[in-house]
Amino acid sequence: MFGREKKKTLDQFGDLFMPEEAAEPILSKPVRGALLEWLTEIWAEDELTAVGIKPRRRAIFDGAPGVGKTTLAHHLSARLGLPMLAVRPERVISKWVGETGANLGELFDGAAHGLALPNGTTSPVVLFLDEFDALSRQRRRGEQASDDSRNEEVNTLLQRLEQHPGFVIAATNFGEHIDQAIWRRFDMHITLALPGPVERERILARYFAPYGLPTGALKALAESLETASPALMRALAENIKRQIVIGPKLGSDMGRDAVIERVLASCHPHPDLGKPRLWSLGAKDHAVSLIPWPLPLAKDLPAIEAAPAPTPATDNVVTFGGSRP
Ligand SMILES: Nc1ncnc2c1ncn2[C@@H]1O[C@H](COP(=O)(O)OP(=O)(O)O)[C@@H](O)[C@H]1O
Ligand SMILES: [Mg+2]
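Predicted model only: the values in this text are computed from it and were never measured.

Draft legend 1. Here's a closer look at the overall build of the protein chain. Per the secondary structure count, the protein chain includes 13 helices and eight strands. The buried share of the protein chain, reckoned over its 325 residues, is 45%. Put simply, of all contacts in the protein chain between residues at least 6 apart along the chain, 78% involve residues at least 24 apart.

Here it is in structure tokens:
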């Protein structure tokens, strides 16, 4: 094994996300329900301990790129009042034999010790293991020379996960690539699906703000965006707003269809996800013809038209993002 210069500090393994910078993702009702349950469980730690069980500490989020895995982990950490360390796999994985295991050791030791804050105190930290499949690939038979060392790394990871006293959230686009034994060490598995029609409307409304679309136009646009990730919808809405501001300064054609065509040309669906209808039909899509132009401000839409439709009262039971009970 190569001699290690000196121990790495926690922040050398990735990026820190502080609680005050978190935003709440828009999620489907079942996912919100599962997360509210988890948070409630964590807040009830003392009562659970009294009956001999502990809150679950390890979750894995499985979902396509741009569905909000990082955003959700950050939001959850913020709800717990903790900073999150988003670990970059390339800062842990090394081609040198033994080095990956040593990195894992330092990472988990550092996280167990806590994060030194600028004010001199130490805070527990949520470990967010992004692109987790890179760290925990299935052990393959016939993986020759590196076989033993990979097995050793997977075993180190297993042990470290099991012993770690703090919260660990792993994220992957490829749940099926993750070693079975490692997968079982997580006590929560949450699949983040692509947003359905209702979530798409809410996501569009959020990112078009302060502009707004009348209900019919919002519905139609959400329909034309089937299979779009939240990240893509955010890019679409924000690029339209950017065009509205900078287009006139550049002397660009500011007609609705011209703006939409320019925006569609500048942001693209992830190649692994399907191509939403809007990208196939462009400005000829029926949904585009329903968009009022210039875009109205949401506050100027008639009250009844204000999008999105209000959430029914019963929904509040599982609303994720209310104040801490
Ligand atoms: N469910 C969501 N609701 C609202 N915005 C979202 C959602 N998912 C993703 N986004 C936005 O898309 C961008 C990418 O999201 P991210 O959390 O990095 O996705 P992932 O980690 O799954 O690839 C972020 O800017 C985020 O604000
Ligand atoms: Mg991410």
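Next comes the rest of the account.
Draft legend 2. Main features of the sheet that holds strand 6 (residues 126–129). In spatial order, the strands read 1-3-6-7-2-8; together these six strands make up an open sheet with mixed pairing. A strand with exactly one partner marks an edge of an open sheet, and here the two such strands are strand 1 (14–17) and strand 8 (188–192). For this sheet the average axis-to-axis angle between neighbouring strands, irrespective of direction, equals 20°. Its contacts with the sheet place helix 4 (residues 99–113) against strand 3 (84–87), strand 6 and strand 7 (168–172), and it is angled at close to 150° to strand 6.

Draft legend 3. Structural view of helix 3 (residues 69–79). A large share of helix 3 lies buried, amounting to eight of its 11 residues. Here helix 3 has its buried residues at Lys69, Leu72, Ala73, His74, His75, Leu76, Ser77 and Arg79. Directly after helix 3, the chain includes Gly81, whose backbone phi takes a positive value near 75°.

Draft legend 4. Broad picture of the nonpolar core. Of all hydrophobic cores here, the largest spans 31 residues; its most connected members are Leu221 and Leu225. Within the residue set of this core, elements represented by two or more residues are helix 8 (197–208), helix 9 (215–223), helix 10 (230–250), helix 11 (256–266), helix 12 (277–281) and helix 13 (286–289). Core analysis: the next-biggest nonpolar cluster, separate from the first, contains 27 residues, Leu27, Trp43, Leu72 and Val126 among them.

Cut-offs applied
Residues numbered from 1 in each chain as written. Chains lettered and ligands numbered in written order. Predicted model: local features only at pLDDT ≥ 70, side-chain atom pairs only at ≥ 80, totals over all residues. Heavy atoms only, no water. Helix = DSSP H or I, 4+ residues; strand = E, 2+ residues; numbered from the N terminus. Buried < 20%, exposed > 50% of the residue type's maximum accessible area, 1.4 Å probe, protein only. Contact = heavy atoms within 4.5 Å. Pairing = 2+ DSSP bridges. Axes fitted to C-alpha atoms, helices over the stretch in contact; angles between N-to-C directions. Core = buried A, V, L, I, M, F, W, Y, C linked by side-chain atoms within 4.5 Å.

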